[in-house]
Amino acid sequence: MYSLRFSLKTQKILIVLALTALVWIVFAQTAHFDWVRYDDHDYVYRSGRVTSGVSVSNIAWAFTHFHAANWHPITTLSHMLDCQLFGVKPGLHHFSSVVIHTLAAIMLFFALDSLTGKIWRSAFVAAVFAIHPLRAESVAWIAERKDVLSGFFFALTLLAWSNYARRKSVARYLIALFAAALGTLSKPMMVTIPFVLLLVDYWPLNRFQKEKLISLVLEKIPFGLFAAASAVATVLAQHGQIDTFGFSLSLRLENAIVTYAIYLRQLIWPVDLAVLYPYPEKIFLLPMIVGCAALLIALSTIAIIYRKQFPFLFTGWFWFVGMLIPVIGIVQVGRQAHADRYTYLPVVGVTIAIVWLVAELTAGWRFRKQIGALASAVVIITLSACAYHQTMFWRNADSLWPHTLAVTTNNDGAHLAFATSLFAEGKTEEAIKHARAAAEIRPANAGVYGEVPIGLEGKPLDEAILFWSARVENEPNNIGARNTFGVLLVQKHQTGAAIEQWETALALNPNDGNAQSNLAWVFATAPDASLRNGSRAVDLAKRALKLAGGVNPILHRTLAAAYAEAGRFDDAIATAERGFAFAEREGNRELADEFVAVLARYRQHQPFRDASLELHED
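Residues numbered from 1 in each chain as written. Predicted model: local features only at pLDDT ≥ 70, side-chain atom pairs only at ≥ 80, totals over all residues. Heavy atoms only, no water.

I'm lost on the environment of glycine 183 in this one. Help?
Considering the arrangement of structural elements, one finds glycine 183 in helix α10 (residues 170–184). Taking relative accessible area as the criterion, glycine 183 reaches 0% and is therefore assigned buried. (Helix = DSSP H or I, 4+ residues; strand = E, 2+ residues; numbered from the N terminus. Buried < 20%, exposed > 50% of the residue type's maximum accessible area, 1.4 Å probe, protein only.)

Put into structure tokens, the structure is as follows:
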């Protein structure tokens, strides 16, 4: 790479400034973005522990409890700190993620420079890491804070390990171990770090030529113990979601092979990126499996054969392969076939291999430095433009999910996630349309996901109720399952049973906004007088609205109905008028029209009744 005629210190300062500028040019736009709701509620604004900020009890809770089906206390604490400083304003939470990603990119540069001594190659790898379009998901999605945090601590671990390997001391070793522990406590995917450290021992540290293999392995044991503890905690946290949808082992193996090839393609040609890629329904075509397997075998063989001539190929390639193993889908968690966020750290290895190989193969070229500088600039500018465009889709749920549906096919998960978001916005008709589309794509799972009352009836409704009944029985502390089960019971006109589920959810977490809003609505609007409780409805609705930041129009509708049931019609009118203004601001015409209708009732001192809550307890 082209080296400017500045001192080494000045060059490093300029590189740090350039990396910072690149990240903020691409991702500063997120400071104006909203929540996308997809997992954001579990990680932040519906978690009473998180929204209440940092305290001694909350710190203890973060280390002793699972959060959002994971055990990542450092990530949880970062969300708590954001809420302590910024409340639940999404723009400032986005700001924090961009700051951490900036630090991760800078730390990666220093780590690679320390490991290899190649300042401009290291700078280019760090720049690609910083602004590749695959980073949009990790940086622009608040729920993926764990990515940027683990990335920072991963790079810090590499830097500390480089210092330790060159000048061994207990202090340097403990610094590396502590950094790795923080990374593992940020995201369980960091369990592969002992393996990565062995790879960097091979190259660029060349320790395999100087030290015995057994000693290199033994010094990774403490790292492995942290990794093992994190792995056990993750299995316990996610046991209810592992292979939830019954994908066969053969299909999972085939998908893993294809996914490796997809990630390589996305690194080189990052188009049609989406937040959720649907899992294939059937086995892949044989030519595709054979082709992808042949590619992986060929690249692995090349890395092994040329490990002495080009040792960076060995380290870079197996860095990529090894770091993806925990998330490649052999043990399937969730319904995604693959995910952009999983590439956050693994593709750094492939990038290193490519950059170092190109640099070595072009070593004898005339005007090599000038050509390298120009080519690097073109690549960085192109990737930055693509990343900026990809990040724009993360403005909110209304931009994210239509894009996802446009670039994927048969994506029932995207339809359901969009339906849930639309329903939360009060866009009921649109929500039901997408929920029904999901049910048509995968009829066997109708009603299994989400919180949208899609009007199931007959056998589909009974099957959905059986599914969630079993889920609640097997996971009695699963608050999300109880909330969804309650919604389905309401469709069965078993409102009393639904109340029991939501009350249990609220007992498990008194600050669960979903249970609060569901109960408030029933207590305020149920046709059966025995179910109504105006004063409790007001209390629950006020708490849910505060938890959501006080700007949610659908929760204003619930609070207004609660005030009306309590006979506080002036408060009902004022609340409904505020909700109408929020709905208008969001362009939610359907909900705005609902506010107009209920305002007429409240001005006549008439409470609202929801006919769908009629009892039918057979």
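When you look at the packing of aromatic side chains in this model, what are you seeing that I'm missing?
Given two aromatic rings, one states the distance between the centres and the angle between the planes to describe the pair. According to the stated counting rule, one finds 23 aromatic pairs in the structure shown. Seen from their ring centres, tryptophan 161 and tyrosine 164 are 4.9 Å apart, and the 40 degrees between their planes marks the pair as tilted. A residue pair is termed a helical-turn pair when its members lie 3 or 4 positions apart in one helix, as tryptophan 161 and tyrosine 164 do in helix α9 (residues 145–166) at three residues. Taken individually, tryptophan 161 and tyrosine 164 each receive the classification buried, so the pair is uniform in this respect. Sitting above the plane of the tyrosine 342 ring, arginine 341 keeps its charged end 5.1 Å from the centroid. One Lys or Arg, arginine 557, reaches over the ring of tryptophan 521 and ends 4.7 Å from the middle of that ring. (Phe/Tyr/Trp six-rings, centres within 6.5 Å; stacked < 30°, edge-to-face > 60°. Lys NZ or Arg CZ within 6 Å of the ring centre and 35° of its normal.)

What's the story with helix α11 (residues 193–202) in this structure? I'm lost.
An α-helical turn contains 3.6 residues, so a residue and the one three or four places further along point in the same direction. Of all ten residues making up α11, eight are buried, and the element is well covered by its neighbours. Along α11, the residues that are buried comprise Ile193, Pro194, Val196, Leu197, Leu199, Val200, Asp201 and Tyr202.

Would you mind going over the side chain of histidine 67 with me for this structure?
Residue position: histidine 67 is located in the loop between α4 (56–64) and α5 (73–86). Of note is the side chain of histidine 67, whose polar atom sits 3.1 Å from the backbone oxygen of aspartate 42. Aside from chain neighbours lying at most four places away, what touches histidine 67 is Asp42, Tyr43, Ser47, Val50, Trp61, His72 and Thr76. (Polar contact = N/O pair within 3.5 Å; in protein donor to acceptor, adjacent residues only side chain to side chain. Contact = heavy atoms within 4.5 Å.)

Would you explain the side chain of threonine 408 in this entry?
Position of threonine 408 among the secondary structure elements: in the loop between α19 (397–407) and α20 (412–424). In this structure the side chain of threonine 408 is engaged in a polar contact, spanning 3.0 Å, whose partner is the side chain of asparagine 411. Those residues within four positions of threonine 408 in sequence are excluded, and the remaining contacts are Ala274, Leu276, Tyr277 and Pro278.

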